[in-house]
Amino acid sequence: MAGMSKLPAVYRHGFMLASSMALSYWVTVKWLRERSKQLLAKDINSSIKSHLTKQDQNVAVDKKFFRKLIVLLKILIPRVFCGESLFLVLVAISLVARTYADVWMIHTTTSVESAIIGRSSILFKECLSRFAYAMPLLAFVNNALKYTVDELKLRFRKRLSLHLYDQYLKGYTYYQINTLDSRISNIDQLLTQDVEKFCTSVADLYTNISKPCMDIVIYARKLSGTIGLSGPSLLVLYLICAGLVLTRLRRPIGRMTVAEQQFEGEFRYVNSRLVTNCEEIAFYNGSRREKMIIRDGFERLIKHLRSLIIFRLVMGCIDSVIAKYISTCVGYYVVSRPFLDPRYARHTRSTYNELLEDYYSSGRMLMRLAEAVGRLVLAGRELTKLTGFTTRVTDLIGVLSDVNQGIYVRTGINNTIMDTKNNEGRIRTQDGIIKFENVKLMTPNGDVLIENLNFTVQSGQNVIVVGPNGCGKSSLFRTIGELWPLASGTLTKPGSGHLFYIPQKPYMTIGTLRDQIIYPDSYFDMRRKGIKDDNLNELLDKVQLTYLVQREGGFDGVQDWMDVLSGGEKQRIAMARLFYHKPQFAILDECTSAVSVDVEGFMYEYCRTVGITLFTVSHRKSLWKYHEYCLYMDGRGSYSFKPIDEHTSEFGS
């Protein structure tokens, strides 16, 4: 301490400031780490907890991050000559134009001030006239930069979103990633908010790095003739040192960004559950319990955001000191050297006005250079934040790739990880037959429902499937529809276009009344098949729904069909949809439970007339007469498949 007292006051103060800042940062980071552990230890979704723990280990500005970023950049900019490349060039041109506009403004404002101090009205009017003439061009340069950056963000988002949706909506991936794989939760947030934030962050980072770099090059070139090359070199050296220090200090931001998005997704999920299940919750009078669930998720989010705010407060103070104030002091030191050095040849014979004008011009350029150095140092903050979004998006791409290859990862009992690869069973495509050969009927969790399933259904052989709840009826249909992987054996079936499934609660799409009948076809698909609205009216007549055309304003009427139609109307619309597509086989899963017996009977008779072979799950005895075979599953691993005759016991009511 005695040695410290001998140092100049400025060094003592600087040392004390640096020590206090380092201590504050250490205490804050240690507190935040303990806080994060407490938040993650709470009772939250196990898959989210494991995902957060994994991300906490992997998020950092390192080689792995840059490899992930390069993968995403290849998606954003697929070719050298594309629209995104053009706008990258336009942004760069706009940045250069903006910098030269700033240099011109510095010279012009310095000339105006020199004319005022020199009391020269002629020079003042001349400089002011030049400024007035340049106003439109300056305004265009500033707003052209904003336009090119916004357009670049939009193009990046479009390119990445279309790529992700191509993978997400490929085959049955959208179903399998939500039901068979547990690595991604709240995928809707990833596809919307996280993609938008990533693209915005990438475009902003490009401008936040490109603009300061261009400023440094241009201003250093301009200043080298007045104050020498050593001044700008000193600022660049400071940039490197400060950048390394701040990048190291900001490392926790990446992990905290990932955790923030996970907590946001969890909070969105509990709110969407309330909307989806509002009727059931109301019947249970469960508002108090749901309020507790929502508040619990919200409190976790708020606590994490508060921790993030505190960390940003500390880092903001450190950023301001290192990137703004110290860089300003370095700038003042550099610009003062040629003016305070009596041996500097350039200013030995300069008048006071010349010194003043040179100082204003050089000083302002050097301050702009110092500001550019500061912005480049602070760009590391955006880079650290980008690591979180990059990790989230690349994780999504990896999971989508796995699921498209039939690889699923699920969290089982006691948080065990189970890998499932869809490469053991074999599916063959053949019209007019559904045949199971030594198929192990198994759930994605690994529960074996039937060890060895063997039966054959030819076209025209209608089958009714019966058994207790949980015996595997729905699992059978999911296997036939290729929604679940085939564990073993061989399944022979028609192509997907010749197999149609109607659940108990039919799906109503967004669109017109016509769209409800022809789904998933579009209007152009319908016209290409040669089907007209008169044909659709005939189909509605067969399910006794012709009154809907008039009630809803024709086939072009648009409504919220899930709310407008009753349960029975939706089931009959689904049957009209079946008649429209005329598949070889149809799976009817309690799809007429809200339809009267007489209408139900007519629809089943029509299916037999047009040659649609039925797999029916129903508890109504009245439907047995429309089927020739019965598949009985006892729920204990056994089954029977045999023709229906007078000795067959009918199940149901």
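Nothing here was measured: the structure is a model prediction, and the numbers come from that model.

**Considering the nonpolar core**
Counting 40 residues, the largest nonpolar core has Phe156, Leu160, Ile177, Phe198 and Leu396 as its most contacted members. At the level of secondary structure, the elements contributing two or more residues to this core comprise α4 (63-76), α5 (83-117), α6 (121-168), α8 (187-223) and α13 (352-404). Looking at this core, the element that brings in the most residues is α8, giving ten residues. Here Leu160 is in contact with Ile75, Leu76, Val195, Phe198, Cys199 and Val393, once residues within four sequence places are set aside.

**Re the packing of aromatic side chains**
Considering all chains together, one arrives at eleven aromatic pairs under this definition. Between Phe87 and Tyr147, the aromatic rings sit 6.2 Å apart at their centres with planes inclined by 65 degrees, giving edge-to-face as the arrangement. A residue pair is termed long-range when its members are at least 10 positions apart, and Phe87 in helix α5 and Tyr147 in helix α6 qualify at 60 residues. You can call Phe87 buried: its relative accessible area is 8%. Ring plane angle 65 degrees and centroid distance 4.6 Å describe the contact between Phe579 and Tyr606, whose orientation is recorded as edge-to-face. Residue Phe579 is located in helix α20 (residues 567-581), and its partner Tyr606 is located in helix α21 (residues 597-609); the two are separated by 27 residues in the primary sequence. For Phe579, a relative accessible area of 1% translates into the label buried. Here the aromatic cluster, defined as three or more aromatic residues joined through ring pairs, consists of Phe436, Phe455, Tyr629 and Phe641.

**As for the sheet that holds strand β11 (residues 629-633)**
The mixed open sheet is built from six strands, whose spatial order is β8-β9-β10-β6-β11-β12. Unpaired on one side and paired on the other, β8 (499-502) and β12 (639-643) mark the two borders of the sheet. Within this sheet the neighbouring strands show an average axis-to-axis angle of 15 degrees, counted without direction. In this sheet, strand β10 (residues 613-617) lies alongside strand β9 (residues 585-589) in parallel orientation, the contact comprising five bridges.

**Focus: the UniProt feature "transmembrane region" (unreviewed entry) in the protein**
Taken from the UniProt record, the annotation "transmembrane region" (unreviewed entry) applies to residues 14-32, 76-97 and 227-246. Secondary structure across residues 76-97 divides into 73% helix and 0% strand, with the first and last C-alpha atoms of the span separated by 25 Å.

**Overview of the pairing of strand β7 (residues 490-493)**
Burial along β7 is two-sided: Thr490 and Thr492 facing one way and Leu491 and Lys493 facing the other are all buried. In the sheet, strand β3 (residues 426-429) pairs with β7 via four bridges, with the strands oriented parallel. Bridge pairing in β7 places Arg426 opposite Thr490. Where strand β4 (residues 433-442) meets β7, three bridges bridge the pair, whose relative direction is antiparallel. Across the sheet, Glu437 pairs through a bridge with Thr490, a residue of β7.

**Describing the packing of α6 against α8**
If you want to describe how two helices pack, look at the angle between their axes and the distance between the axes. Where α6 meets α8, the closest approach of the two axes is 9 Å, and the angle between their N-to-C directions is 145 degrees. Judged by the twist between their axes, the crossing of α6 over α8 is right-handed. Grouping the amino acids of the contact of α6 with α8 by side-chain chemistry returns 15 nonpolar, four polar and four charged.

**As for α21**
Taking 1.5 Å of rise per residue, 13 residues should cover 18 Å, and α21 covers 18 Å from first to last C-alpha, within 8% of that figure. Of the residues making up α21, those classed as buried are Val599, Glu600, Gly601, Met603, Tyr604, Tyr606 and Cys607. In the core, the buried residues of α21 are packed alongside α17 (533-542), α20, β9 and β10. Backbone geometry just downstream of α21 places Gly611 in the positive-phi region, at approximately 85 degrees.

**What to know about the side chain of Ser201**
Within the secondary structure, Ser201 is located in helix α8. Not counting residues up to four positions away in its chain, the partners in contact with Ser201 are Glu382, Leu386 and Phe389.

**Structural notes on the side chain of Asp521**
Mapped onto the fold, Asp521 is located in the loop between α15 (513-518) and α16 (523-528). Accessibility expressed as a relative area gives 17% for Asp521, which makes it buried. Here Tyr580 takes part through its side chain, which lies 3.0 Å from a polar atom of the side chain of Asp521. If near-sequence neighbours (up to four positions away) are discounted, Asp521 is found in contact with Lys529, Tyr580 and His581.

**What to know about unusual backbone geometry**
Here the residue pair Tyr519 and Pro520 is connected by a cis peptide bond, since its omega of 5 degrees sits within 30 degrees of zero. For Asn438, which is not glycine, the phi torsion reads 55 degrees and is therefore positive. Among the structural elements, Asn438 can be located in strand β4. The exposure class of Asn438 is partly exposed, given its relative accessible area of 44%.

**Re the pattern of salt bridges**
The final tally for this structure, using the stated rule, is 24 salt bridges. A salt bridge links Asp521 to Lys529, with the shortest nitrogen-to-oxygen separation between them at 2.5 Å. Looking at Lys529, the relative accessible area reads 48%, which means it is partly exposed. As a salt-bridge pair, Glu600 and Arg620 come within 3.0 Å of each other at their nearest N and O atoms. Taken as a pair, Glu600 in helix α21 and Arg620 in the loop between β10 and β11 lie far apart in primary sequence, 20 residues in all. No difference in accessibility class separates Glu600 from Arg620, as the two residues are buried. When salt bridges that share partners are traced, they join Asp181, Arg183 and Asp402 into one network.

Calculation notes
- Residues numbered from 1 in each chain as written.
- Predicted model: local features only at pLDDT ≥ 70, side-chain atom pairs only at ≥ 80, totals over all residues.
- Heavy atoms only, no water.
- Core = buried A, V, L, I, M, F, W, Y, C linked by side-chain atoms within 4.5 Å.
- Buried < 20%, exposed > 50% of the residue type's maximum accessible area, 1.4 Å probe, protein only.
- Helix = DSSP H or I, 4+ residues; strand = E, 2+ residues; numbered from the N terminus.
- Contact = heavy atoms within 4.5 Å.
- Phe/Tyr/Trp six-rings, centres within 6.5 Å; stacked < 30°, edge-to-face > 60°.
- Pairing = 2+ DSSP bridges.
- Axes fitted to C-alpha atoms, helices over the stretch in contact; angles between N-to-C directions.
- UniProt positions renumbered as here; feature names shortened; annotations may be inferred.
- Left-handed = near helix turned anticlockwise from the far one by under 90°.
- Nonpolar A, V, L, I, M, F, W, Y, C, P; charged D, E, K, R; others polar.
- Expected span 1.5 Å × (residues − 1).
- Polar contact = N/O pair within 3.5 Å; in protein donor to acceptor, adjacent residues only side chain to side chain.
- Salt bridge = Lys/Arg side-chain N within 4 Å of Asp/Glu carboxyl O.

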